[in-house]
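One letter stands for each residue in the lines below.
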Amino acid sequence: MKNKSLSLGEQVAVGLMLFALFLGAGNIIFPPQLGQQAGESFSLAMLGFLITGVGLPLIGVITVAKAGGQLQDMAGKVHPIFGIVFTSIVYLAIGPFFAIPRTGTVSYEIGVSPFLSDAMRESSIPLLISTIVFFGITTFFALNPTKLVDRVGKILTPLLLLVIALLAAKSIITPMDGPGEAVGKYTTQPFTEGFLQGYLTMDFLAALIFGIVIIQALHAKGVTDSKKIVKTTIFAAFIAAAGLALVYISLGYIGASSFQTIGAQGSGAEIIAKSANVLYGDFGNILLSAVILLACLTTSIGLLTASSQFFTKLFPKISYLAFVFIFAIFSTAISNFGLEQLISISLPVLLAIYPIAIVLMSLALIDKFFNGASIVYTVALIATALVSVYDGLHAAKMDIPAYANLLSHLPLYAEGIGWLVPAIVGTIIGWIISLFTRK
């Protein structure tokens, strides 16, 4: 089994597994909302969304594969303690704190709730029962991660692709009316608003996690040669990226073309649900439920597996099995707070850590040009954090007026990416320092 090479079909299955792991709750609900709110500026907004929602995850998986699959090792180049702390924060954010509970909540609100009576929807019992069943199924699949490729890549993903294709095809063959006018920030900054909305998918953070899931799945199939692992992972990443781009554009188009038919809606979940009903009638609700349940389930399985594996390594006295159950139970509890609260709480955290993760990955890609000097990582990330952490505080309504006024003078700050220039300047300063301190 050592140094085995996978067939083309097996490599495609790995790519489909990665695609399914990415395609979760946020990936379904955010593009339709972007499409409707961007209106006639849909193309520019979607371009920005694709950069953070597809481009960054693609590069993230490739970077992690080349680095050996360990986010902690990449972050540890700043300092070993930072490596542990930052990696733990990322795993908790895309794990039991936000992303995993969100899969359970979205699967209920779109996949189950539409079929309940008004009285049942007002009760908290259906949500509780739904999430218990949902995370019970997730736990079953996560208990044996070595079979993840076979179960997800060969079984769940084809079903997921089929139902998405049916929904997207109908919207193109018999389209709804045209888009409305852009609203909110999409009127003046459609590209940058789309760029920032891509954060909410959490796909880039997930990419830093799913890289090791792919590598471990390849090991289980007997692929041990590092070059073959990197090559197969890159191939899988491009398949996943292509699939995500097609899904985002299709769902975004549905949202953009829905305004004249269903009117303005408060959330992407409402937009896609009502659009599905217009396109397919009652069958549309059943079709959409299948999409949501499959998408949320595959992502939940991947995140629960990855989070449990990481914390088992960090705390070896606690077994993988124990962490699976701990995180599943915790996620069940958190998911019962509701979708709106989960999104509102997660946004400040994502605004704070996303730029740090982007800069960390970017430095890892060009690591050889500065000989992996720790000072470069340290200065660049401190400069980034000085802006991104405050952005997170601002989103949590914890403002510091004097500091906000200072940051407002930064280039691109009004566009939401004020951390970019400080990150570049910090990298240059760190590189110069490394030249003088190199032995």
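A. Up close: the overall build of the chain. Regarding its fold elements, the chain presents 20 helices and zero strands. For 439 residues, the compact-globule formula gives about 22 Å, and the C-alpha radius of gyration of the chain, at 21 Å, lands near that figure. Reported as C-alpha extents along the three principal axes, the dimensions of the chain are approximately 70 × 60 × 40 Å. Within the chain, buried positions represent 55% of all 439 residues. Here the analysis covers contacts within the chain between residues at least 6 apart in sequence; of these, 81% occur between residues at least 24 apart.

B. Fine view of helix α8 (residues 125–142). Given a rise of 1.5 Å per residue, 18 residues ought to cover 26 Å, and the 26 Å separating the end C-alpha atoms of α8 matches this to within 8%. The complete set of buried residues in α8 reads Pro126, Leu127, Ser130, Thr131, Phe134, Phe135, Thr138, Thr139, Phe141 and Ala142.

C. Fine view of the side chain of serine 346. With respect to the element layout, serine 346 can be found in helix α17 (residues 339–365). Once residues within four sequence positions are removed from consideration, serine 346 is found in contact with Phe98 and Met202.

D. Geometry of unusual backbone geometry. Of note, the phi angle at lysine 397 is positive, near 65 degrees, even though the residue is not glycine. Mapped onto the secondary structure, lysine 397 falls in the loop between α18 (374–395) and α19 (401–407). Positive phi values are uncommon outside glycine, yet leucine 412 reaches one of about 70 degrees. The topology assignment puts leucine 412 in the loop between α19 and α20 (420–437). Here leucine 412 falls in the partly exposed class, since its relative accessible area comes to 35%.

E. Spatial organisation of the packing of helix α15 (residues 282–314) against helix α16 (residues 320–335). Closest axis-to-axis distance for the α15/α16 pair is 9 Å, and the angle between their directions is 130 degrees. In terms of their interaxial angle, α15 and α16 are classed as oblique. Both α15 and α16 take part in a crossing whose hand is right-handed. Across the interface between the two elements, Leu304, Thr305, Ser307, Ser308, Gln309, Phe311 and Thr312 from α15 touch Tyr320, Phe323, Val324, Phe327 and Ala328 from α16. Of the residues in the contact of α15 with α16, the class split is seven nonpolar, five polar and no charged.

F. Representation of the side chain of threonine 232. Looking at where threonine 232 falls in the secondary structure, it is placed in helix α12 (residues 226–256). The class for threonine 232 is buried, based on a relative accessible area of 8%. A polar side-chain atom of threonine 232 sits 2.8 Å from the main-chain carbonyl oxygen of lysine 228. Apart from the residues within four sequence positions on either side, threonine 232 is in contact with Leu6, Gln11 and Leu218.

Definitions and limits used
Residues numbered from 1 in each chain as written. Predicted model: local features only at pLDDT ≥ 70, side-chain atom pairs only at ≥ 80, totals over all residues. Heavy atoms only, no water. Helix = DSSP H or I, 4+ residues; strand = E, 2+ residues; numbered from the N terminus. Rg over C-alpha atoms; globule rule 2.2 N^0.38 Å. Buried < 20%, exposed > 50% of the residue type's maximum accessible area, 1.4 Å probe, protein only. Contact = heavy atoms within 4.5 Å. Expected span 1.5 Å × (residues − 1). Axes fitted to C-alpha atoms, helices over the stretch in contact; angles between N-to-C directions. Parallel < 35°, antiparallel > 145°, perpendicular 65-115°, else oblique. Left-handed = near helix turned anticlockwise from the far one by under 90°. Nonpolar A, V, L, I, M, F, W, Y, C, P; charged D, E, K, R; others polar. Polar contact = N/O pair within 3.5 Å; in protein donor to acceptor, adjacent residues only side chain to side chain.

From the geometry alone we can't say anything about function, so treat these as descriptive.
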